[in-house]
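Notes for the structure review
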Protein chains: 2
Amino acid sequence: MTITIYDVAREANVSMATVSRVVNGNQNVKPATRQKVLAVIERLDYRPNAVARGLASKKTKTVGVIIPDISNVFYAELVRGIEDIATMYRYNIILTNSDQQEDKEVQLLSTLFSKQVDGIVMMSDQVTKDMLHEMERSQVPIVLAGTIETTNAFPSVNIEYHEAAVDAVNRLLQNGHKRIAFVSGSISSTINRLYKLSGYEKALDAAGIEIDSDLIVGVENTYDDGLLAWEELSKLKNPPTAIFAGNDEIAIGLIHGAQDSGLKVPEDIEVISFENSKLSRMVRPQLTSVVLPLYDIGAVSMRLLTKFMNKEKIDEHTVVLPYRIEERDSVK
Amino acid sequence: MTITIYDVAREANVSMATVSRVVNGNQNVKPATRQKVLAVIERLDYRPNAVARGLASKKTKTVGVIIPDISNVFYAELVRGIEDIATMYRYNIILTNSDQQEDKEVQLLSTLFSKQVDGIVMMSDQVTKDMLHEMERSQVPIVLAGTIETTNAFPSVNIEYHEAAVDAVNRLLQNGHKRIAFVSGSISSTINRLYKLSGYEKALDAAGIEIDSDLIVGVENTYDDGLLAWEELSKLKNPPTAIFAGNDEIAIGLIHGAQDSGLKVPEDIEVISFENSKLSRMVRPQLTSVVLPLYDIGAVSMRLLTKFMNKEKIDEHTVVLPYRIEERDSVK
DNA sequence: CTGAAAGCGCTAACAT
DNA sequence: ATGTTAGCGCTTTCAG
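Criteria and thresholds
- Residues numbered from 1 in each chain as written.
- Chains lettered and ligands numbered in written order.
- Predicted model: local features only at pLDDT ≥ 70, side-chain atom pairs only at ≥ 80, totals over all residues.
- Heavy atoms only, no water.
- UniProt positions renumbered as here; feature names shortened; annotations may be inferred.
- Near = heavy atom within 4 Å.
- Polar contact = N/O pair within 3.5 Å; in protein donor to acceptor, adjacent residues only side chain to side chain.
- Helix = DSSP H or I, 4+ residues; strand = E, 2+ residues; numbered from the N terminus.
- Least-squares fit on C-alpha atoms with pLDDT ≥ 70 in both.
- Contact = heavy atoms within 4.5 Å.
- Phe/Tyr/Trp six-rings, centres within 6.5 Å; stacked < 30°, edge-to-face > 60°.
- Buried < 20%, exposed > 50% of the residue type's maximum accessible area, 1.4 Å probe, protein only.

Under the annotation held in an unreviewed UniProt entry, chain A carries the name Catabolite control protein A and is attributed to Psychrobacillus mangrovi. UniProt's Function (unreviewed entry) comment on chain A is quoted here verbatim: "Global transcriptional regulator of carbon catabolite repression (CCR) and carbon catabolite activation (CCA), which ensures optimal energy usage under diverse conditions."

Here it is in structure tokens:
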């Protein structure tokens, strides 16, 4: 049978309260009895039942994580950041994939609540009304990692996407380009629409260049769609001479598409990306890219969550991490 | 306050046992009372507490997953396979990273036990005695995913690494190569040493080619180490004309290394990889590779675990998945 | 088909 | 410093 705190108490001739105290490191225990209890614990190989503890204390020491898809390096980096900090604070994480489906996201929130997680870190392309509704019922803190929620009702950690996008496009403008394309995953997603696209437009505007909708292409965030986007772009009567890519996979697809049709990067066409994952160095030419610090966003999000869970004072519910542009070889 | 099964019972004028029955889909409830209870549940927005349920039923509907590092695409694929099947069977997963450290692996097992997971899927480079010791204490089933445990005491799912390695090297031998290098992550890890390396040696042996230890290089499973390995190999008086790479990142590093020094792949040097992740198509030339079906290994492992958890009859504790070679352009 | 009652293993006052 | 006593919210016999 499984051995319980009660067995230990009996064998050690103390009450279960005392056993509980030594297990939880409570200082109100005479060293001698502590030793005695510890010895019995060792001998019986007693292991506390976290579920019982969770029921009694209403704290489970586990947090929920909702992301679109763990098999995407992008999110995997983020999760690693979350997990590292969680471990540091003795939390475990329940990992769930939403595949960006709203109904799934709502349902995942619900099952995480039922599992009595102490908090949730969530990343989503788009925080809908239904999600918000479910989130508002939460008894536990929720922090949004790398996701925009326009009402700003929840704590979040992000970078300045808009400024970053402006910078990226300016980098291209500096080199004299007039025909700059913007290729990005689901233009409809909040970040792409509200920040990257608007940054792109603002930069062009400031340079006195008219927006050409032919140069704005919305695809999936994948290598293959980067390839596809290149095909589309290269067919234009007046094709682009530089491209601002929404993420690394797209950028690499674009580059390979260009190279396959005989062009040289960056000589014939320049590409700047927005992510800087491990992939960015695994192509030739290596990608010049805005660095989106996914690991850090995850880590900081989790850290912020611990503060809420501990009811510490929080200075800022909304943290904005710095970004920078990593210069490599896809831009001259 | 949080509303409990007791509140629902009171409001519906039934006992909590009845509420429990309708919540759990027990058929022994008159349709009329079921409706009544359901109505109250809806009205009160009652949500069962999974922790309490776990304590009472001794089933948590959550499984533990131990992998080396989620930020590695390799493992991320695997986890996605696990998670999809887990979701299908209504389980959640607690994800943990071991970083391949034995002590951490042992400790993770222990904390997962304490959290009362219903089962564990684990992937490790090397199953040590200490780990085995901890695993043997487990009250719940453990299945090993893509990991070798020589005593075969635990259920596992793998592919035939040895045969796959032989095939891969033969593929190179076919093209007339005599100087074939083997570059792999931690040669000391069980799979690399016991299977890939031995497959490499066997294939060369069968072809009457003597093993040259200069051609066997053990590195980390990273792009950078692939680059490094190339440097080392290219300095040899008698350098290789073909390489068998332990995984995709290494293969890409090797290829870029060769290309950077002016060689052409596959004209001047051929490379075959062992993984076939998304990366394999994201290089030029695209990688010819043994396909290691990570997603499937994860999915099948989880499926196997559900069988154990349900105490279903198991035909084979050890399942071996098929592999194949995906022909692309890094081999002629 | 429904209810009563006894736990599941632990924490957290409250006493002593 | 240590023990007693209620629960935490639910499942699960056992009766009826």
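Close contacts around DNA strand D come from 27 residues, with Arg21, Lys30 and Thr33 of chain A together with Ile5 and Tyr46 of chain B the closest. Sugar plus phosphate, as a fraction of atoms of DNA strand D within 4 Å of the protein: 61%. In this structure, Arg21 of chain A approaches DNA strand D through a side-chain N or O atom, which is 2.5 Å from a base oxygen. One nitrogen or oxygen atom from the side chain of Asn24 of chain B is found 3.1 Å from a phosphate oxygen belonging to DNA strand D. Secondary structure elements with two or more residues in the surface near DNA strand D: α2 (16-23) and α4 (50-57) of chain A together with α2 (16-23) and α4 (50-57) of chain B. Considering every element that reaches the surface near DNA strand D, the biggest residue donor is α4 of chain B, with 4 residues.

The next thing to look at is the relation of the copies chain A and chain B. Mapping chain A onto chain B is achieved by rotating through 180 degrees and translating by 0.0 Å along the same axis, at an RMSD of 0.1 Å. Here the copies are linked by what is in effect a two-fold axis. Among all residues of chain A, the one whose C-alpha sits closest to the rotation axis is Ile94 of chain A, at a distance of 2.2 Å. Interface overlap between copies is the fraction of interface residues in one copy that are interface residues in the other; for chain A against chain B it reaches 100%, indicating a shared surface.

It is worth spelling out the packing of aromatic side chains at this point. Scanning all chains against the criterion turns up 12 aromatic pairs over all chains. Where Phe182 of chain A meets Tyr200 of chain A, the ring centres are 5.3 Å apart and the plane angle is 25 degrees; that geometry is what we call stacked. Of the two residues, Phe182 of chain A sits in strand β6 (residues 180-185) while Tyr200 of chain A sits in helix α9 (residues 190-206), which places them 18 residues apart along the sequence. Side by side, Phe182 of chain A and Tyr200 of chain A carry an identical accessibility label, which is buried. Arranged with centres 5.9 Å apart and planes meeting at 65 degrees, the rings of Tyr161 of chain B and Tyr195 of chain B form a pair that is edge-to-face. Within this pair, whereas Tyr161 of chain B is found in helix α8 (residues 161-174), its partner Tyr195 of chain B is found in helix α9 (residues 190-206), the two being separated by 34 residues in sequence.

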